[in-house]
Amino acid sequence: MISEKQFNKEIDIIIANAIREDVGDGDHSSLACISEDARGSAKLLVKDEGIIAGIDFARQVFEFVDPGLELDIKIKDGSPVKYGDVAFYVSGLSQSILKSERLVLNAMQRMSAIATKTNEYVKLLEGTNTKILDTRKTTPGIRALEKWAVKIGGGENHRFALYDMVMLKDNHIDFCGGITKAIEKTKNYLRENQLGLKIIVEARNLDEIEEILKSEGVYRILIDNFNYEDTRKAVRLINGKCLTESSGGITLETARKYAECGVDYISSGALTHSVYNMDLSLKAIK
């Protein structure tokens, strides 16, 4: 993953761009009927069940829009919530609260859904040594939010993007002309460019795993679309020489069985691409 500094920069970019997109030259609905000095309060009402995520992001949004807004947090990120819970209260200029409302809700609803789904996988894998990973199958422009939500839900982040880790997948291998050639060219490239990036290599069958193991410097082998039996064979074959990761259509129904095969990680795009938003509302307090 990228550094904390770079991650925070991504969050700043998301907030600035989202407010630009939503507010434009002004929130004319609020400007038309609410005086600029009017003050009010609102509450973040939970109308669902799951794991709440995005509280700290909401704090950053309110601060960006209006540093004078005051936030009273009642429930922390990563906490289980139920219908009727109030996650926080926000008070200050009414126009500022309304300007922030949609970004806070859109982000928190999606982040909470991702955290909730991730937490289901985490609980499912309890008692094994396997950890759940996200992927790059994220919503363009808000990847940092979605990966943040995975962490809040108890999962771990895979690489953030194409630039912070090398992953040699089937297309790289085929375009390059083979596994060994791809690995060696990659190691040369990293050395020549003084890049300390880890290398993950995807295997489509046991023969490819045997070939990968002949090369030094591979951090993790991606055991892609293997059945349970072949996954167990792959783990025995690798025998701790590098880390192992199962991937390829793994669901809540199959994750535990893959974990029991002994892999170090399971990656699932479903954490971020197949979720339904948690129902949340920001309600004015009269």
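Residues numbered from 1 in each chain as written. Predicted model: local features only at pLDDT ≥ 70, side-chain atom pairs only at ≥ 80, totals over all residues. Heavy atoms only, no water.

Draft legend 1. Here's a closer look at the pairing of strand β10 (residues 243–247). The element β10 is largely enclosed, with a buried count of 4 among its 5 residues. For strand β9 (residues 220–224) and β10, the ladder comprises 5 bridges, and the chain directions are parallel. From the neighbouring strand, I221 faces β10, where its bridge partner is T244. Between the parallel pair β9 and β10, the chain is carried across by helix α9 (residues 228–238), and the sense of this crossover is right-handed. Alignment of β10 against strand β11 (residues 265–267), held across 2 bridges, turns out to be parallel. Pairing of S246 across the sheet is with I266, part of β11. (Buried < 20%, exposed > 50% of the residue type's maximum accessible area, 1.4 Å probe, protein only. Helix = DSSP H or I, 4+ residues; strand = E, 2+ residues; numbered from the N terminus. Pairing = 2+ DSSP bridges. Right-handed = clockwise from strand over helix to strand, strands pointing away.)

Draft legend 2. Fine view of the domain arrangement of the chain. Structurally, the chain comprises domain 1 (4–116 + 276–285) and domain 2 (122–267). Of note, the centres of domain 1 and domain 2, computed from C-alpha atoms alone, are 35 Å apart. Counting residues at the interface gives 18 residues for domain 1 and 13 residues for domain 2. Sorting the residues of domain 1 by area buried against domain 2 places F7, I14 and M111 first, and these three jointly supply 38% of that buried surface. (Domains from an automatic or database assignment. Contact = heavy atoms within 4.5 Å. Buried area = accessible area lost by both parts, 1.4 Å probe.)

Draft legend 3. View of the packing of aromatic side chains. Enumeration over the complete set of coordinates arrives at 3 aromatic pairs. Measuring from centroid to centroid gives 5.9 Å for F62 and F88, while their planes differ by 85°, and the two rings are edge-to-face. With a gap of 26 residues between them, F62 in helix α3 (residues 55–65) and F88 in strand β5 (residues 86–93) connect regions that are remote in the sequence. Per residue, the accessibility class of F62 equals that of F88, and both read buried. For the cation-ring pair, R220 lies above Y265, with the distance from its terminal atom to the ring centre recorded as 4.7 Å. (Phe/Tyr/Trp six-rings, centres within 6.5 Å; stacked < 30°, edge-to-face > 60°. Lys NZ or Arg CZ within 6 Å of the ring centre and 35° of its normal.)

Draft legend 4. Examining α9 more closely. Every buried residue belonging to α9 is among T231, A234, V235 and I238, and all of these are buried. Taken around the axis of α9, the buried residues stretch over an arc of 100°, which confines them to a single face. The secondary structure elements touched by the buried residues of α9 are α8 (206–212), β9, β10 and α10 (255–259). Capping the start of α9 is the job of one residue whose side-chain oxygen sits 3.3 Å from the backbone nitrogen of E229: N227. Residue N239 follows α9 closely and has a positive phi angle near 50°. (Arc of directions from axis to C-beta. Polar contact = N/O pair within 3.5 Å; in protein donor to acceptor, adjacent residues only side chain to side chain.)

Draft legend 5. Focus on helix α1 (residues 4–23). Over its 20 residues, α1 extends 28 Å from the first C-alpha to the last, a length consistent with the 28 Å expected when each residue adds 1.5 Å. Looking at α1, one finds that the buried residues are F7, I11, I14, I15, A18, I19 and V23. Projection of α1 onto a plane perpendicular to its axis shows the buried side chains occupying an angular sector of 125°, all on one side. Turned more than 90 degrees off the buried face of α1, the exposed positions are K5, R20 and E21. (Expected span 1.5 Å × (residues − 1).)

Draft legend 6. Fine view of the pairing of strand β8 (residues 199–203). Counted residue by residue, β8 has 5 buried out of 5 residues, so it is predominantly covered. Side chains I199, V201 and A203 project from β8 onto one buried face, and the interleaved I200 and E202 project onto a second face that is buried too. Bridging between strand β7 (residues 166–168) and β8 involves 3 bridges; their strand directions are parallel. Looking at β8, one finds that M167 is bridged to I200. Relative to β9, β8 runs parallel, the two sharing 4 bridges. When the sheet's bridge partners are listed, V201 is paired in β9 with I221.

Draft legend 7. Summary view of the sheet that holds strand β6 (residues 131–133). Strand order in the open sheet formed by 6 strands is β6-β11-β10-β9-β8-β7, and the pairing between neighbours is parallel. Looking at strand neighbours, the two that pair on one side only are β6 and β7, the edges of this open sheet. Mean inter-strand twist for the sheet, computed between neighbouring axes without regard to direction, equals 25°. For β6 and β11, the ladder comprises 3 bridges, and the chain directions are parallel. (Axes fitted to C-alpha atoms, helices over the stretch in contact; angles between N-to-C directions.)

Draft legend 8. Inspection of the environment of L145 at higher detail. Looking at where L145 falls in the secondary structure, it is placed in helix α5 (residues 143–152). A C-alpha to C-alpha distance of 7.2 Å links L145 and I11, two positions 134 residues apart in sequence. Apart from the residues within four sequence positions on either side, L145 is in contact with I11, I14, F57, A107 and M111.

Draft legend 9. Looking closely at the packing of helix α4 (residues 94–124) against α5. In the contact formed by α4 and α5, the axes pass within 7 Å of each other and the chain directions differ by 45°. Classified by the angle between their axes, α4 and α5 sit oblique to one another. The interaxial crossing formed by α4 with α5 has right-handed handedness. Counted together, A107, R110, M111, I114, A115 and T118 of α4 and L145, E146, W148, A149, V150 and I152 of α5 form the full contact between these two elements. Residue classes in the contact of α4 with α5 are distributed as 9 nonpolar, 1 polar and 2 charged. (Parallel < 35°, antiparallel > 145°, perpendicular 65-115°, else oblique. Left-handed = near helix turned anticlockwise from the far one by under 90°. Nonpolar A, V, L, I, M, F, W, Y, C, P; charged D, E, K, R; others polar.)

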